[in-house]
Amino acid sequence: MGLHPVGIIGTGKYVPERILTNQQLEQMVETNDEWIVTRTGIKERRMAAATEATSDLAYEAAKRAIEAAGLTAEDIDLIIVSTITPDMFFPSTACLLQTKLGASKAAAFDLSAACSGFIYGLATASNMIATGMYKHVLVVGAETLSRITDYTDRNTCILFGDGAGAVVLGQVEEGRGFRSFELGADGSGGELLKVSGGGSRMPSSEQSISEKQHYIHMAGNDVFKFAVRIMGSAAEDALAKAGLAKEDVDLLIPHQANIRIIQSALNRLNLPEEKAMINLDKYGNMSAASIPVALAEAVEQNRVKEGDTLVFVGFGGGLTWGASVLVW
Ligand code: UT7
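Please read these numbers as outputs of a predicted model, since none were measured by experiment.

About the thresholds
Residues numbered from 1 in each chain as written. Predicted model: local features only at pLDDT ≥ 70, side-chain atom pairs only at ≥ 80, totals over all residues. Heavy atoms only, no water. Near = heavy atom within 4 Å. Polar contact = N/O pair within 3.5 Å; in protein donor to acceptor, adjacent residues only side chain to side chain. Areas by Shrake-Rupley, 256 points an atom, 1.4 Å probe, with all protein chains shown as cover. Helix = DSSP H or I, 4+ residues; strand = E, 2+ residues; numbered from the N terminus. Nonpolar A, V, L, I, M, F, W, Y, C, P; charged D, E, K, R; others polar. Domains from an automatic or database assignment.

This paragraph deals with the site of the ligand. In the neighbourhood of the ligand, 21 residues make up the surrounding shell, with T31, R39, N221, N258 and N285 lying closest. Contact distances for the ligand include 2.8 Å between an oxygen atom and a side-chain N or O atom of N258. One nitrogen or oxygen atom from the side chain of R260 is found 3.0 Å from an oxygen atom belonging to the ligand. In isolation the ligand has 950 Å² of accessible area, and contact with the protein removes 74% of it. Of all the elements in the fold, those that place two or more residues in the shell around the ligand are α2 (33-40), α6 (154-157) and α8 (220-242). Examining the composition of the shell around the ligand, we find that four residues originate from one element, α8, more than from any other. When grouped by side-chain class, the residues that make up the shell around the ligand number nine nonpolar, eight polar and four charged. When residues of the shell around the ligand are assigned to domains, at least three map to each of domain 1 (6-176) and domain 2 (178-327).

Structure below.
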């Protein structure tokens, strides 16, 4: 696409040390390990320390991605942080990250597309490089979902975790790099997954807090049905745009929300489970961080080789979705 082929030239991840297991959740809400594992595939998730905010997780992941790219922070022209759990309203988490990294030449902004945020970020960054505007763009998906999760609500608290994944995008050789992007949104489904409190519609107040409006509210089953439909179709559309077939996929890197959602996407694409990167058993759903953490782990585990065709696909609040095809 565009004048210059653009690809991922470095990856990095960071997850907090503290683990929250299903057994611990059994002590907190009316649930059990068996239900959580069979309905979601999740066994444990990470929890940020009290001293850690999203920009701290983002910093650790970004540092590693920049180093893996063989660059220094001064080489970065733009920082995009995809998150729904910024450190604060403003400055943006991307600005906070810019100063932590010492990326003094970089422009910086946050991107809000919930769990699809990382793919939205990749699309934005890759087009800015393809047109020659920038050379190196850092795209980070980072979340501290534990801060907006109600640990008395068993419908949501079993799902979410904290973490960050980062990539550096830059020019790559002809024949490699991004082949397509497919982004979408359906704002009419916004009610299904949201945090209402603390914004301009409902500023934080004693009432909003007592009503728990500062936490995630989710119509799980409706989101599930949407996810099953959109994951397969978005991935298929991205493949068609790239002029590739399902059989060409070497590794699917899906949003890690629920093993059953991933399995349905695999069925639709006629792919065996070995062709998907799955790590939600260890981390749960980290929203915008899920895909870049899964990618960084796939790289660590040598599951991606030069010339492999990767498909990223995700969905989330908004509602939003995104998919992309990349030749590694
Ligand atoms: O990144 C996007 C974020 N969101 C998602 O990806 C969420 C997508 N949705 C899901 O993953 C699933 O809908 C859930 C895992 C949230 C729920 O699974 P489900 O198969 O859709 O279950 P359900 O909501 O239909 O509930 C089935 C039963 C209910 O009991 P009754 O009414 O049948 O008696 C729930 O009350 O399971 C009960 N239940 C639980 N039981 C034990 C719900 N949560 C729990 C729990 N432990 N944690």
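Let us now look at unusual backbone geometry. A cis amide bond links F90 to the next residue, P91, at an omega of 0°. Here P91 is to be found in the loop between β4 (78-82) and α4 (93-101). Here G318 and L319 are connected by a cis peptide whose omega angle stands at -10°. Looking at the element boundaries, L319 is found in the loop between β12 (309-316) and β13 (320-327). Positive phi values are uncommon outside glycine, yet K212 reaches one of about 60°. Along the chain, K212 falls in the loop between α7 (206-210) and β10 (217-218). Positive phi outside glycine occurs at S287, with the angle close to 50°. Examined against the element boundaries, S287 turns out to sit in the loop between α10 (280-283) and α11 (290-300).

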